[in-house]
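Here are the chains, one letter per residue:
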Amino acid sequence: MLNDFINQFWPSTVGGLTVGAIYALIALGYTMVYGVLRLINFAHSEIFMIGTIAALFTVTEIFTVTSPYTGFAMIGMLLLIMAVAMAASGGAAVLLEVVAYRPLRKKGASRLAALISAIGASFFLQELFALQVIPNLFDRPEGRNQVGVPRLVERDKLFEIFGATVRLDHVIVIVAAVIMMIMLDQFVSRTKVGRGIRATAQDPETAVLMGVNIDTIVRTTFLLGGAMAGVAAVLYVVEFELTVYNVGFVLGVKAFTAAVLGGIGNLRGALLGGFALGLIENWGAIFFGSEWKDVIAFTVLVVILMFRPTGILGESLQQARA
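Residues numbered from 1 in each chain as written. Predicted model: local features only at pLDDT ≥ 70, side-chain atom pairs only at ≥ 80, totals over all residues. Heavy atoms only, no water.

Asker: How do you make sense of the pairing of strand β3 (residues 164–167) when you look at a structure like this?
Answerer: Residues in a regular strand project their side chains so that they alternate between the two faces of the sheet. Side chains of β3 alternate between two faces, with Ala164 and Val166 buried and Thr165 and Arg167 left unburied. Summarising the sheet, strand β2 (residues 157–161) and β3 pair through 4 bridges and their orientation is antiparallel. By the bridge assignment, glutamate 160 is partnered in β3 with threonine 165. Here β2 folds back onto β3, and the loop between the two strands holds 2 residues, one of which, phenylalanine 162, carries a positive phi near 50°. (Buried < 20%, exposed > 50% of the residue type's maximum accessible area, 1.4 Å probe, protein only. Helix = DSSP H or I, 4+ residues; strand = E, 2+ residues; numbered from the N terminus. Pairing = 2+ DSSP bridges.)

Asker: For this particular structure, what's the right way to read the side chain of threonine 13?
Answerer: Turning to its location among the elements, threonine 13 is positioned in helix α1 (residues 2–37). If near-sequence neighbours (up to four positions away) are discounted, threonine 13 is found in contact with Leu279 and Trp283. (Contact = heavy atoms within 4.5 Å.)

Asker: Can you help me understand unusual backbone geometry in this one?
Answerer: Residues apart from glycine generally show negative phi values, whereas peptide bonds are mostly found in trans. Of note, arginine 38 is a non-glycine position whose phi angle comes to about 55°, a positive value. Looking at the element boundaries, arginine 38 is found in the loop between α1 and α2 (44–62). Judged by its relative accessible area of 25%, arginine 38 falls in the partly exposed class.

Asker: Quick question: what am I supposed to make of the pattern of salt bridges here?
Answerer: Close approach of charged atoms lets side chains of opposite charge pair. Tallying each qualifying case throughout the model produces 12 salt bridges. A salt bridge links aspartate 215 to lysine 106; the shortest N-O distance between them is 2.8 Å. One end of the pair, aspartate 215, is in helix α8 (residues 214–240); the other, lysine 106, is in helix α3 (residues 71–106), and 109 residues separate them in sequence. Its salt-bridge partner being arginine 155, residue aspartate 169 comes within 3.9 Å of it at the nearest N-O pair. (Salt bridge = Lys/Arg side-chain N within 4 Å of Asp/Glu carboxyl O.)

Asker: How should I be thinking about the packing of helix α5 (residues 168–190) against helix α6 (residues 192–202) in this particular structure?
Answerer: To describe two helices that pack against each other, one gives the angle between their axes and the distance between the axes. Taken N-terminus to C-terminus, the directions of α5 and α6 make an angle of 80°; their axes are 5 Å apart at the nearest point. Considering the angle they form, α5 stands roughly perpendicular to α6. Contacts between α5 and α6 involve Phe187, Val188, Ser189 and Arg190 from the former and Lys192, Val193, Gly194, Arg195 and Arg198 from the latter. Partitioning the contact of α5 with α6 into residue classes produces 3 nonpolar, 2 polar and 4 charged. (Axes fitted to C-alpha atoms, helices over the stretch in contact; angles between N-to-C directions. Parallel < 35°, antiparallel > 145°, perpendicular 65-115°, else oblique. Nonpolar A, V, L, I, M, F, W, Y, C, P; charged D, E, K, R; others polar.)

So, in structure tokens, the structure goes:
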């Protein structure tokens with residue numbers, strides 16, 4: 001078994017970083033909403049699912065892509081798909097906040113009520129897309145909800161790391177995730193809206209007295225988190241080339257695990273937690289088998305909540321500084 005670990009260590013590391021990048025981007029939505037509202041938005045997994053549907057619809061039904069793109073054409077296509085997915089996921093996240101959370105917040109409802117609303121919204125969106133949206137968008141009969149997509153990026157070998165092949169799609173996923181994380185971190189740290197987000201996370205009542213519009217800040221927070229889920233959706237489509245109505249269920253729990261692992265409410269912690277969880281999953285699969293990946297991820301969640309509930313970094317959104 002030790003020999004298997006040594007032989008598979010570097011290929012598993014490359015795969016872990018790739019899937020970890022997707023976890024990290026989804027985790028940003030959880031961590032931003034929690035940082036501002038102290039709310040776990042369990043419907044965020046369906047915001048990710050909506051992004052995958054938007055990306056696949058753009059590719060298969062609008063542009064009818066049939067073969068991989070290369071060079072600048074590939075970059076342009078990916079940027080266009082990302083823009084569509086970010087708009088779809090960001091818009092859906094804002095609508096979710098208006099419909100499912102804002103009425104409860106205005107009435108001073110408990111966090112438990114908001115949590116129940118989030119779970120209800122999650123199931124509603126899953127069933128809506130399974131029964132109506134996917135069959136109608138992709139002309140598929142009810143019950144055939146998995147949607148595939150032609151390969152968008154050639155899986156060419158770029159280089160090797162200690163015998164592990166690093167493909168073009170691996171590099172695109174990891175680099176795109178890091179770039180988006182840096183952009184979001186700088187936005188929250190350096191802009192006026194970002195200062196409003198940090199102020200609201202620290203003390204909402206005082207922020208209101210200082211002229212911060214809470215509704216605008218909350219809406220912006222959901223929009224940014226949804227947009228990051230849209231980017232993650234495109235990277236997921238690039239890597240796995242399919243989606244299904246409940247694609248976000250397990251991924252959402254794993255992304256939440258990544259957020260807790262890195263430090264819930266901490267943007268940089270979400271990135272760190274995503275990559276760490278991806279690596280832990282893949283390394284653990286060497287010993288226990290790939291079918292145990294989900295068990296490993298959920299075990300990590302339980303252990304972190306028991307022994308280090310503040311996560312690795314343990315800071316919150318309001319502590320971010322320029």
